[in-house]
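As a plain string of letters, each chain reads:
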Amino acid sequence: MKWKTTLVLFVIAAGVFAYLFFVERNRPGTEEATRQAQNVVNFSRDQVNGVVIQNGDDTIDIRRRDDKWRLEIPIKDQADGSVVNNLLLDLENWQKDAAISAKEMEADKNKLADYGLANPKLRLKLIGPDTPPEIFFGKDAALEGKMYVRFGNSKETFLASQSVKKAIDKKPEDFRDRKLTDLIMAQVVRVVLKTSAGEMELQKKGDHWDILKPLHTRADDQKVSDLIAQVTTARIQQFIADDRGDLHPYGLAEPHGSLTLFAQNDKSAGRTDSSRGEQGQTLQIGGPATAGEKEKDQVYVRFSPRGFVYTLPKKIEEILNSKPNDLRDRHLARIDTKILDRLTIDAPAKGKTVLARKDENWTIASRNNAPANSGEVRRIIDRLQNEQVTKFVEDVASNLPKYGLDKPQLIVTFSSFASENTAETKAGEQPFASVAFGKVEGNDVYARVGDEPFVVAVRRNLLDRIFADPIQWQDLSIFNFKPEQIHRLSVTTDKESALVRAANNQWNWAKGSGPINQTNLQSLLDSLATLRTVRWIGSTTPAHAFDKPRLVVTFTTSSDDKAIHKLTIGAPTPDGMSFAKVDEREGTFPLSSPDLNALKLSLAGQESPSPSPTLTATPSR
């Protein structure tokens, strides 16, 4: 029989566990139970899907639809979610200050009437599962800020604050959403603007906006966002009428213009033809509001999703003044630097320079991947990316010779590069943008981006900063050694001085004599080993005077003296520096005066003077 006893005990234990799990765990703790006991009403906000307010003969019925609040009676419109949610929050925190039992109320038949609870004017009913009975609101109590309330199914009466009464004792329009639309700017993917001047259409592609009509071009993302924001952030000033009546008094029978916003989920959002059967949210703008001083500086509007006539601030009319050129992207080109791997500069007079990204730096791919001036490459990319046109010259580029764009003086092409085939791309260089520069006129130069049918003008100094000579893109570092790597050194001006480093790391004269000025020698080695320039001038010419150098420095960086490096200093430059070249690199660069002075330091030291003989005094006798 022991197994029967065990089974009974198991069943009892299981029952106790189930009770504790399903019942006791849901009971509020002592502190929470005390708080709930003080509440006028206890309910779960998530369970409420409707609020009905009876205010005399007026009924206000608000229902939750798809997690949004809508006004159903006395008019169908969007409800202000924040107003409804704040009401529910007030109800949750509404507490009793005192209670008068039903027995006490029944003892005096006049009390209900005295407290305004026999046939109250103001009532509130929450709709939903497990919601409390209808709440009756009575008269204000003698205590400041307090009033009498009771439930419709009980005569028990409570003294509570007037906060909830103030939250519901309102006109229906006070519960209407004054925010014109719940559409947010990030959801908008297409815009159609119609005015007396014509129709303009904009479409979002990826992260950027394009103008599709009346011309196809890039749009200024920020300006389009500002245009959309004027609607998505608009707040209604006055609720005027529904839109099923005569719209002539409001100038909306033939509106001055309209703006339609399309979200991603609109079936017509992706159309390129904005002709018929569209959905979207359309704002029509009518005439100025004239219904009294209250509506001064306002304009009548109709918004299709809500089907009413409202007033908005007159400033909303500014959207009707938008012209295509106002919304055009004034940036010269869109450059996706995330995929940029190649920069090709094609100047017919100089040939092609191909710059290639290597990790975080750049090389000159067209010159055996020699190191490039990466800082200058990044600067020119940044300038091209941020350069804005000074004017839009032609919307139809039908006369390219007029602007020198039939045979551009320079073309910059931006490309991505894949080393091998993938499912998305083929191996090799894939151009994605280009800019051609034509004739110079005054401070401007004409330009055209890719195959766009437009001619624009940009600042001439942009073109001046794009080096057409590949030599000018070389790395600014001339030598990159450590001073202790230099083994033999020769400095030639009108005479030659030469030194060699001995096995004990001491310098000895190879050509010269006397002491060596160790301080000057170390300064020369430090400047020479890490020599840099500020720019490359270009190809070497006779004007640089390297046939009659002012200074030649030759040094080796190997103990066998086979790694030879030579620096030649020619004529002064117009800006106070000196023309210089090295045998390892093509072209001429400017050498700064401080570097030249360091290289010209005398390596010979001063002879130490012989000590003077000491005179011995003859003692007197």
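Every value quoted in this text rests on a predicted model; they were computed, and no experiment measured them.

Participant: How would you sum up the side chain of E72? Please name residues and give values.
Facilitator: Structurally, E72 is set in strand 3 (residues 68–73). Within polar-contact distance, the side chain of E72 engages the side chain of K76 at 2.7 Å. Setting aside chain neighbours within four positions, we find E72 in contact with D61, R63 and R65.

Participant: Could you give an account of unusual backbone geometry, with specific residues and numbers?
Facilitator: Following I73, the chain continues to P74 via a peptide bond in cis, the omega torsion being 10 degrees. Locating P74 in the fold gives a position in the loop between strand 3 and strand 4 (77–78). Cis geometry marks the peptide bond from K213 to P214, where omega comes out at 5 degrees. As for its placement among the helices and strands, P214 is situated in the loop between strand 12 (208–213) and strand 13 (217–218).

Participant: How would you explain the sheet that holds strand 12 if you had to name every residue and give the values?
Facilitator: The strand order 13-12-11-10-15-16-17-18-14 describes an open sheet built from nine strands, whose pairing is antiparallel. This sheet does not close on itself; its edge strands, each paired only once, are strand 13 and strand 14 (238–242). Sheet topology note: the strand 14/strand 18 (residues 308–313) ladder contains four bridges and is antiparallel. Bridge pairing links Q238 to T311 in strand 18. Docked against the sheet, helix 7 (residues 221–232) engages strand 10 (188–195), strand 11 (198–205), strand 12, strand 15 (257–263) and strand 16 (281–288), running at close to 100 degrees with respect to strand 15.

Participant: Outline the pairing of strand 33 (residues 578–582), listing residues and values.
Facilitator: The buried count for strand 33 comes to four of five residues, which makes it a mostly enclosed element. Pairing of strand 32 (residues 564–572) with strand 33 involves four bridges; the strand directions are antiparallel. Bridge pairing links I569 to A580 in strand 33. Pairing geometry for strand 33 and strand 34 (residues 589–591), over three bridges, is antiparallel. Residue pairing in the sheet places A580 in a bridge with F589 of strand 34. Remark: six residues form the turn of the hairpin made by strand 33 and strand 34, two consecutive strands paired antiparallel; G587 in that turn has positive phi of roughly 105 degrees.

The rules behind the values
- Residues numbered from 1 in each chain as written.
- Predicted model: local features only at pLDDT ≥ 70, side-chain atom pairs only at ≥ 80, totals over all residues.
- Heavy atoms only, no water.
- Helix = DSSP H or I, 4+ residues; strand = E, 2+ residues; numbered from the N terminus.
- Polar contact = N/O pair within 3.5 Å; in protein donor to acceptor, adjacent residues only side chain to side chain.
- Contact = heavy atoms within 4.5 Å.
- Pairing = 2+ DSSP bridges.
- Axes fitted to C-alpha atoms, helices over the stretch in contact; angles between N-to-C directions.
- Buried < 20%, exposed > 50% of the residue type's maximum accessible area, 1.4 Å probe, protein only.

Fair warning: the whole summary comes from geometry, so function is off the table for now.
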